[in-house]
Amino acid sequence: MAFHADRHARIVIIGGGAIGCSLAYHLARDGEKDVLLLEKANITEGCTWHAAGLVGQLRSKRNLTRLMQNSVAVFDRLEEESGQAIDWKKVGSLRLASSPDRWSEIRRSMTQAKGFDVECHSLSASQALDLFPFIQTQGVVGAAFIPSDGSIDPYALTQAYAKAARKFGARLEEGTTVKDIVSEDGRVSGVITDKGTVGCEVLVNCAGLWAKQIGAMAGVPIAAGVVEHQYFVTEKTLSFDSTLPTLRDPDNNFYLKPEVGAFAIGGWEEGTNGCWRGLPPVEFGRELFPENFDRLELFATPCTSRLPVLNETGIRTVINGPIPVSADGEPIMGLAPGYANLYLACGFTAGIAASGGAGQAMSNWIREGDPGMDLWAFDARRFGPQHAQGRFLEERAIEAYAAYYKIHWPGEEASAGRGLRRSPLFERLKQSGAVFGSKSGWERPNWFASDGSEAVDIPSFEGKANWFEPVAQECHAIRNAVALIDQSSFSKFEVSGPGAQSLLQHLAVNDLSGNPGRCVYTQLCNERGGIEADVTIMHVAPQKFFVVTGSGFGIRDSDWIRSHMPQDGSVSLREVTSEFAVLNLCGPSARTVLEAVTDNDVSNAAFPFLSVREIEIGNATALTARVGYVGELGWELYIPVEYAGHIYDILWSAGQSSGITNVGYRAIEACRLEKGYLYWSGDISPDYSPFEAGLGFCVALDKGDFLGRNALEDIKAEGVTRRLCAFRINGFAPFHGGETILHQGEAVGTTTSAGYGHTVGDTIAFGYLPADLADVAEFAIEAFGTLYTAVRGPRCLYDAKMNRLKS
């Protein structure tokens with residue numbers, strides 16, 4: 001149905017907070033001549049006006065840190081460019097460690113800072129006191145100081161964005177409420193407002209607190225919740241130099257921003273209130289909630305022990321307002337799933353600090369189809385509809401809020417919203433001691449506690465977690481006997497129709513030609529040759545394929561496929577994740593066990609590596625693929641869910657004489673590192689090409705045209721400027737990914753993933769190096785301030801000739 005709008009703008013932005021105004025500014029500054037921002041009330045209303053305004057840059061990933069660094073670069077120029085004062089105080093940030101575990105976490109961050117080009121200084125307690133004379137240092141183990149952090153006035157910043165946006169030609173319209181979104185076949189054509197209709201070519205949801213409602217107008221579930229956040233401002237009785245840095249004491253759960261003669265102090269306390277299930281009233285505006293002194297006391301009391309001056313300083317005001325928090329505490333950015341021209345930039349808990357970099361990245365995304373860096377950790381497609389469900393979202397948002405200053409342990413798992421999606425084998429595995437993790441709402445066995453031991457995670461930064469020995473036993477079973485792994489959480493899609501093979505052949509870099517019965521491991525690349533997806537494609541029948549990807553990548557990968565489907569109806573895409581349980585039967589005795597329960601021939605001659613077919617198992621039938629992620633003889637069994645328990649039980653029974661063992665995802669991780677297998681979002685991403693990642697064997701340049709072929713052909717011909725390398729470190733080293741790689745004392749890279757190889761008995765790390773260093777053998781890798789000798793060598797440390805895998 002044709003949509004006839006009263007007026008038109010090429011790009012319409014909904015929401016006039018810091019993110020929306022920053023985006024309008026960046027789009028206009030970057031040359032877009034027809035940008036319209038619609039704000040239902042006044043610029044900054046919602047949550048921007050009552051934000052505290054701290055600016056911190058260091059994050060756990062390089063690109064996320066780059067995003068925050070880009071914000072600082074914007075703040076540095078914005079006042080001159082807009083002619084509007086923004087009260088940007090680049091005074092630095094001081095972060096205290098008040099416990100040994102916190103000091104381990106901060107030291108890990110400081111090591112990452114070295115690899116991310118962030119100036120960061122390690123300080124003693126006395127040095128921290130020199131920088132911030134109000135603290136008492138009892139219990140302070142150490143501190144980190146980042147000179148380029150600071151604080152800013154959120155209201156002034158947003159007004160400066162708005163003023164600069166207008167200067168560059170954008171239109172910002174206040175007092176206009178969006179009532180509905182008009183869309184058809186995955187494209188938005190315009191919006192309906194209380195002042196008429198507006199057509200557009202691109203729509204961006206920057207609606208802050210109201211992002212979920214705006215998403216619902218387009219049928220897009222958005223996992224952006226709303227919770228209460230409090231801070232207080234002291235009386236103006238304090239005297240200090242204007243260079244006093246901002247302060248964070250996460251063990252005492254507070255942050256501090258110096259103001260004129262006063263401190264603004266807030267925290268991330270347990271037990272905050274969720275608001276409206278993420279659906280605030282449209283008429284809610286420049287409003288606050290009543291003070292909650294019981295919650296305020298949770299961070300104010302420990303704060304006074306660190307800052308005794310507060311015992312003599314009164315509270316001038318308490319701010320208790322709503323803020324957005326997503327289901328994992330990170331922003332939501334990028335294309336909305338299922339849409340070609342609807343973008344999201346919402347769910348920002350630290351929206352002021354991120355606003356400059358986020359506006360720049362979103363402008364790149366809209367204008368060029370790419371944000372300029374891999375932003376998977378913020379990507380809207382990391383969430384599924386289950387994350388946006390009202391109660392689930394509120395539980396996760398409240399937990400994410402309270403976790404803001406908690407120690408983030410390696411391998412930590414969410415506690416809220418658990419038990420949502422369960423494999424049909426869940427209860428069996430739970431009774432067997434499974435310690436579950438959560439991925440995309442699925443309960444997945446991470447490891448198995450032995451009889452008599454507690455089935456809980458006890459992680460460690462610098463030592464061995466309590467799962468170290470149980471995982472070693474699971475790896476031993478994979479390598480020496482036989483294992484069963486429940487991988488039902490795999491995202492699974494059926495691509496079918498007369499055009500299915502042509503579509504997938506166009507998207508995959510590997511060759512998918514030929515008859516049914518084959519599995520193909522391949523990447524799906526963009527036009528620049530960057531890796532958008534890393535998948536297994538099974539040709540299961542004429543005109544019918546299964547595409548299998550990781551549990552958390554299903555929305556993203558299916559959206560990539562769907563966005564390239566022809567419009568003639570020759571291809572259909574259907575998710576079948578919940579229709580099939582998946583069991584991985586693997587290990588040198590896997591064939592012995594499988595032969596005991598099937599009448600089909602599963603010999604190597606009849607069922608070779610990378611074959612797929614249906615076989616009978618016990619009294620049921622399963623689609624069976626001879627593939628895996630641990631580097632051993634094995635099969636993945638795709639089982640209709642109602643038969644999963646039956647097949648598990650008969651395999652378990654048949655495997656008793658072979659020492660069959662339940663195995664979890666932590667053992668998979670250790671085995672894949674030994675085998676040199678890669679993980680999308682860690683080792684590979686749109687930032688990297690297959691040739692840089694050592695996956696050139698998957699690229700079939702001779703198969704004809706496919707997406708990214710021209711770029712990959714050029715990359716191969718010209719040679720790569722960086723290469724993914726593997727490093728072996730003698731014995732156990734406390735590596736978790738993100739460590740700095742050094743050559744002759746200079747930082748030359750960061751590890752993309754790392755862990756202990758229980759079979760080889762050494763620590764393994766992957767990381768990209770400049771091409772001119774990729775053949776050098778001797779490096780050092782820094783973790784927690786200690787340098788470890790690392791030898792670059794072959795990526796595959798186990799069964800390099802694939803004799804066991806293909807046996």
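Residues numbered from 1 in each chain as written. Predicted model: local features only at pLDDT ≥ 70, side-chain atom pairs only at ≥ 80, totals over all residues. Heavy atoms only, no water.

### Section: the sheet that holds strand β31 (residues 661-662)
1) Next: Read across the sheet, six strands follow the order β28-β29-β30-β27-β21-β31 without closing on themselves; strand pairing throughout is mixed. Unpaired on one side and paired on the other, β28 (612-617) and β31 mark the two borders of the sheet.
2) Next: Of the strand pairs in this sheet, strand β21 (residues 483-486) and strand β27 (residues 580-586) are connected by four bridges, and their pairing is antiparallel. Each bridged residue has a counterpart across the sheet, and for Ile485 the counterpart in β27 is Asn584. (Pairing = 2+ DSSP bridges. Helix = DSSP H or I, 4+ residues; strand = E, 2+ residues; numbered from the N terminus.)

### Digging into the environment of Arg306
1) Next: With respect to the helices and strands, the residue Arg306 is situated in helix α7 (residues 293-306).
2) Next: Taking the C-alpha atoms as reference, Arg306 lies 14 Å from Phe263; in sequence the two are 43 residues apart.
3) Next: Other than its neighbours up to four places away in sequence, Arg306 contacts Leu96, Ser98, Phe134, Ile135, Gln136, Thr137, Gln138, Gly139, Val140, Asp249, Asn252 and Phe254.
4) Next: Here the side chain of Arg306 touches Asp249 through a polar contact of 2.8 Å, side chain to side chain. (Contact = heavy atoms within 4.5 Å. Polar contact = N/O pair within 3.5 Å; in protein donor to acceptor, adjacent residues only side chain to side chain.)

### A closer look at the nonpolar core
1) Next: Membership of the largest hydrophobic core comes to 50 residues, with the highest contact counts inside it found for Ile13, Val204 and Met333.
2) Next: Ignoring any residue separated from it by four or fewer positions in sequence, one finds Val204 in contact with Ile11, Val12, Ile13, Ile14, Leu23, Tyr343, Met362 and Ile366.
3) Next: By size, the runner-up hydrophobic cluster in this structure holds 37 residues, among which are Ile181, Ala224, Leu342 and Leu344. (Core = buried A, V, L, I, M, F, W, Y, C linked by side-chain atoms within 4.5 Å. Buried < 20%, exposed > 50% of the residue type's maximum accessible area, 1.4 Å probe, protein only.)

### Points about the side chain of Ser99
1) Next: Considering the arrangement of structural elements, one finds Ser99 in the loop between β4 (93-97) and α3 (100-116).
2) Next: A polar contact is formed between the side chain of Ser99 and the backbone nitrogen of Arg102, at a distance of 3.1 Å.
3) Next: For Ser99, the contacting residues outside a window of four places in its chain are Gly139, Val141, Asp251 and Ile407.

### Comments concerning the state of the cysteines
1) Next: A full pass over the atoms with the stated rule returns zero disulfides.
2) Next: Here Cys519 is not cross-linked by a disulfide; its sulfur's nearest cysteine counterpart is in Cys698, at 14 Å.
3) Next: You can see Cys796 has no disulfide; the closest cysteine sulfur is in Cys671, sitting 12 Å from it. (Disulfide = S-S within 2.5 Å.)

### Details of the packing of helix α2 (residues 62-82) against helix α5 (residues 154-167)
For any two helices packed against each other, the geometry is given by the interaxial angle and the distance between the axes.
1) Next: Between α2 and α5, whose axes approach to 9 Å, the crossing angle comes to 60°. Considered as vectors, α2 and α5 are oriented oblique to each other. Two packed elements cross with a definite hand, and for α2 against α5 that hand is left-handed. Between α2 and α5, the contacting residues are Val74, Phe75, Leu78, Glu81 and Ser82 on the first element and Leu157, Ala160, Tyr161, Lys163, Ala164 and Lys167 on the second.
2) Next: Partitioning the contact of α2 with α5 into residue classes produces seven nonpolar, one polar and three charged. (Axes fitted to C-alpha atoms, helices over the stretch in contact; angles between N-to-C directions. Parallel < 35°, antiparallel > 145°, perpendicular 65-115°, else oblique. Left-handed = near helix turned anticlockwise from the far one by under 90°. Nonpolar A, V, L, I, M, F, W, Y, C, P; charged D, E, K, R; others polar.)

### Examining the packing of helix α1 (residues 18-29) against α2
1) Next: Contact pair α1 / α2: the axes reach a minimum separation of 14 Å and the direction vectors enclose 75°. In terms of orientation, α1 lies roughly perpendicular with respect to α2. Across from Tyr25, His26 and Arg29 in α1, the residues of α2 making contact are Val74, Arg77, Leu78 and Glu81.

### Considerations on the pairing of strand β24 (residues 531-541)
1) Next: Within β24, nine of the 11 residues are buried, which leaves the element mostly enclosed by the surrounding structure.
2) Next: Where strand β23 (residues 519-525) folds back on β24, the antiparallel hairpin that results is connected by five residues, among which Gly529 adopts a positive phi of roughly 90°.
3) Next: When β24 meets strand β25 (residues 544-549), the two strands line up antiparallel, connected through five bridges. Bridge pairing in β25 places Met538 opposite Phe546.
4) Next: Where β24 folds back on β25, the antiparallel hairpin that results is connected by two residues, among which Gln543 adopts a positive phi of roughly 60°.

Read these as spatial facts, not as claims about activity.
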